[in-house]
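Listed below are the residues making up each chain.
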Amino acid sequence: MTGVELRQLRYFVAVAEELNFGRAAKRLLIAGPSLSQQIKALERDLGVRLFDRDRRSVALTPAGSALLPHTRALLEQADDLQRRARGLAGSEPVRLGYVNWLPADLIGRTSAVAQVHVDAWVAPSHAQAARVADGSLDLAVCWVRTEDLEHRDLCARLIGADRLYAVATGKDTSEVTAGETAVLLDDDTTSWSSWNAYAEQMARDTGARALRISDGGITGPAFFDHVRRSGRPVINSPKGQTTPLPPDLVRRPVVAPRIHWTWSLVWRRDEVRTAVRAVAEALCEGVGDLGIHGPDAWLPDGDPYKR
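The number of helices and strands found in the protein chain is ten helices and 14 strands. What you see for the protein chain is a C-alpha radius of gyration of 29 Å, clearly larger than the 19 Å of a compact globule of 307 residues, by over 25%. Each of the three principal axes of the protein chain carries a C-alpha extent, and together these read 95 × 40 × 35 Å. Split into buried and exposed, the 307 residues of the protein chain put 43% on the buried side.

Structure below.
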C-alpha cells in the first residue's frame, strides 16, 4: 500500500466511470499507455485485479466494484482537506464582531475552516450590523430585524437565543407573567437602540410596564436600584450582568408569554470569500430553534425567525 498515490485512485475512478481506457485517458489528459500502466501498478500495490479487460470491453471485477465507493469517499476527503488547507494558508483572518455573547465552542467549530479574529471592539447590535455592512467586519453576532437586513443588504442565520427572566425584590422565585413585569428603556438611543426597540414592542404586546431611565441602568448596579424602586419584577436584558445578584434580589422566570431574544450571525449578501461563508456555516450548523418556536414563546415583530 505504500506505493498507492491519489492520482492512481483518480485514474481508477475515471476508468470505472468510463469503462473505456481511451475515453478515460482523454478525460484525464494523459496518454492511454501511461493510464494502463498506472492501473496495473495500482492493482499490483492493492493486491487485487480491478478490471476485466480485453480488446473490446472493460468491466469492473467484483473487487473493483467493492472498492469503488470507498475510493470515491477517500478522494472526497482528500479534496476537502486541500480546500481547508487553502483556506487556512495565506488567507486573511475572518473578522468577527459581537455584542456580549459568542458560542462557547467557537474555536472548535471554526478552526478547521478558517482563521477567525474576534474583534476587540464590543459594540451594540445596530453598530455591529453597520460595521458588517460597511466592510469593517466580515461577520457579527448581534440582534437584528428583517428591516435591518434589507436596509443593509445583509444575510442572517440563527446562532443563539436567550430566554429573558425578571429580577425582583424579596424571596419569591416563582413564575411571573410578562404583564406583571416592568421593562427599562434608556434615553441613550445611541447605545440602547436595539434594546429599546425590542422593549417597547414587548411592553405593547404583553402589557409590561415601560419605565424610561436616563442613567444607563439597563445593566449593572444601577439596574438593581431600578428593580428596588419599581415595585415590579424588571426584565433583565440579554446584555447580562457582570455584577453578582445582590442578596435582596432574586431571579423569576417569565411566562405568558416566555420572552426570547435572538442572536443572529450576519454577513454581507454579496460576500464572495469562501472562508467567510465556511465560518458562517460551521457556526450555525445544527443550532436548531432553541425553544423560540414553543407554544408560549414570544418574539417581536420583525424578528427574522418569527413564524
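Still more to cover.
In this section: helix H1 (residues 6-18). For H1, with 13 residues, the first-to-last C-alpha span of 18 Å sits near the 18 Å given by 1.5 Å per residue. One or two positions beyond H1, positive phi appears at Leu19, with a value near 50°.

Turning to the layout of surface pockets, a few remarks are in order. Looking at the second largest pocket, its volume works out to about 160 Å³. Looking at the lining of the second largest pocket element by element, the count peaks at five residues for helix H8 (residues 189-206). Taken together, the residues of the lining of the second largest pocket sort by class into seven nonpolar, seven polar and one charged.

Quick look at the pattern of salt bridges now. With the rule as written, the count across this model stands at 24 salt bridges. For the salt bridge of Glu18 with Arg27, the shortest nitrogen-to-oxygen distance reads 3.1 Å. Take Glu18: its relative accessible area is 23%, and that puts it in the partly exposed class. Residue Arg27 is classed as partly exposed on the basis of its relative accessible area, which comes to 42%. Here Arg268 ties to Asp138 by a salt bridge, and the two come within 3.5 Å at their closest N and O atoms. Pair noted here: Arg268 is in strand S13 (residues 258-268) and Asp138 is in the loop between helix H6 (125-134) and strand S5 (139-142), with a separation of 130 residues, a long-range link. Comparing Arg268 with Asp138, the two get one shared label, buried. If you follow the salt bridges from partner to partner, you end up with Glu17, Glu18, Arg23, Arg27 and Arg72 in one network.

Before going further, it helps to spend a moment on the pairing of S13. Within a regular beta strand, the side chains point alternately toward one face of the sheet and then the other, so they alternate between its two faces. With ten of its eleven residues buried, S13 lies for the most part within the structure. Relative to S13, strand S6 (residues 154-163) runs antiparallel, the two sharing nine bridges. Looking across to S13, one finds that Ala161 is bridged to Thr262. Relative to strand S14 (residues 297-298), S13 runs parallel, the two sharing two bridges. Among the inter-strand pairings, Arg258 is bridged to a residue of S14, identified as Ala297.

The next subject is the nonpolar core. Residues Leu139, Trp195 and Leu265 are the most contacted members of the largest nonpolar core, which totals 60 residues. Ranked by residues supplied to this core, first place goes to helix H10 (residues 274-284) with seven residues. The contacts of Leu139, once residues within four sequence positions are left out, are Val94, Arg95, Leu96, Gly97, Val132, Leu265, Val266, Trp267, Val276, Val279 and Ala280. Within the second largest apolar cluster, 18 residues are counted, among which are Phe12, Ala16, Ala24 and Leu75.

Asp138 sits in the buried class, given a relative accessible area of 1%. The spatial distance from the C-alpha of Asp138 to the C-alpha of Asp187 is 30 Å, given a sequence separation of 49 residues. For Asp138, the residues in contact, after removing those within four places along its chain, are Pro93, Val94, Arg95, Val132, Val266, Trp267, Arg268, Arg273 and Val276. At 2.8 Å, the side chain of Asp138 forms a polar contact with the backbone nitrogen of Arg95. Polar contacts involving the side chain of Asp138 include one to the side chain of Arg273, which spans 3.3 Å.

Note on placement: Thr61 falls in the loop between strand S2 (58-60) and helix H4 (62-88). Relative accessible area serves as the criterion here: at 4%, Thr61 is assigned to the buried category. Polar contacts involving the side chain of Thr61 include one to the main-chain carbonyl oxygen of Arg49, which spans 2.5 Å. Those residues within four positions of Thr61 in sequence are excluded, and the remaining contacts are Arg49, Leu50, Phe51 and Asp52.

Once that is clear, we can look at the environment of Arg49. Looking at where Arg49 falls in the secondary structure, it is placed in the loop between helix H3 (32-46) and strand S1 (51-53). A sequence separation of 13 residues divides Arg49 from Pro62, and the C-alpha atoms of the two residues are 8.9 Å apart. Not counting residues within four places of it along the chain, the set of residues in contact with Arg49 comprises Glu43, Thr61, Ala63 and Gly64.

To continue, consider the packing of H1 against helix H2 (residues 21-28). The contact between H1 and H2 brings their axes to 8 Å, and the two run at 130°. As judged from the angle between their axes, H1 and H2 are oblique. Read as a crossing pair, H1 and H2 show a hand that is right-handed. Judged by residue contacts, Tyr11, Ala14, Val15, Glu17 and Glu18 of H1 engage Phe21, Arg23, Ala24, Arg27 and Leu28 from H2. Here the residues of the contact of H1 with H2 sort into six nonpolar, no polar and four charged.

Rules and cut-offs
- Residues numbered from 1 in each chain as written.
- Predicted model: local features only at pLDDT ≥ 70, side-chain atom pairs only at ≥ 80, totals over all residues.
- Heavy atoms only, no water.
- Helix = DSSP H or I, 4+ residues; strand = E, 2+ residues; numbered from the N terminus.
- Rg over C-alpha atoms; globule rule 2.2 N^0.38 Å.
- Buried < 20%, exposed > 50% of the residue type's maximum accessible area, 1.4 Å probe, protein only.
- Expected span 1.5 Å × (residues − 1).
- 1 Å grid on protein atoms, 1.4 Å probe; cavity = no way out; pocket = protein on both sides within 12 Å on 5 of 7 lines; lining within 4 Å.
- Points joined across faces, edges and corners; volume = space filled by probe spheres on them.
- Nonpolar A, V, L, I, M, F, W, Y, C, P; charged D, E, K, R; others polar.
- Salt bridge = Lys/Arg side-chain N within 4 Å of Asp/Glu carboxyl O.
- Pairing = 2+ DSSP bridges.
- Core = buried A, V, L, I, M, F, W, Y, C linked by side-chain atoms within 4.5 Å.
- Contact = heavy atoms within 4.5 Å.
- Polar contact = N/O pair within 3.5 Å; in protein donor to acceptor, adjacent residues only side chain to side chain.
- Axes fitted to C-alpha atoms, helices over the stretch in contact; angles between N-to-C directions.
- Parallel < 35°, antiparallel > 145°, perpendicular 65-115°, else oblique.
- Left-handed = near helix turned anticlockwise from the far one by under 90°.

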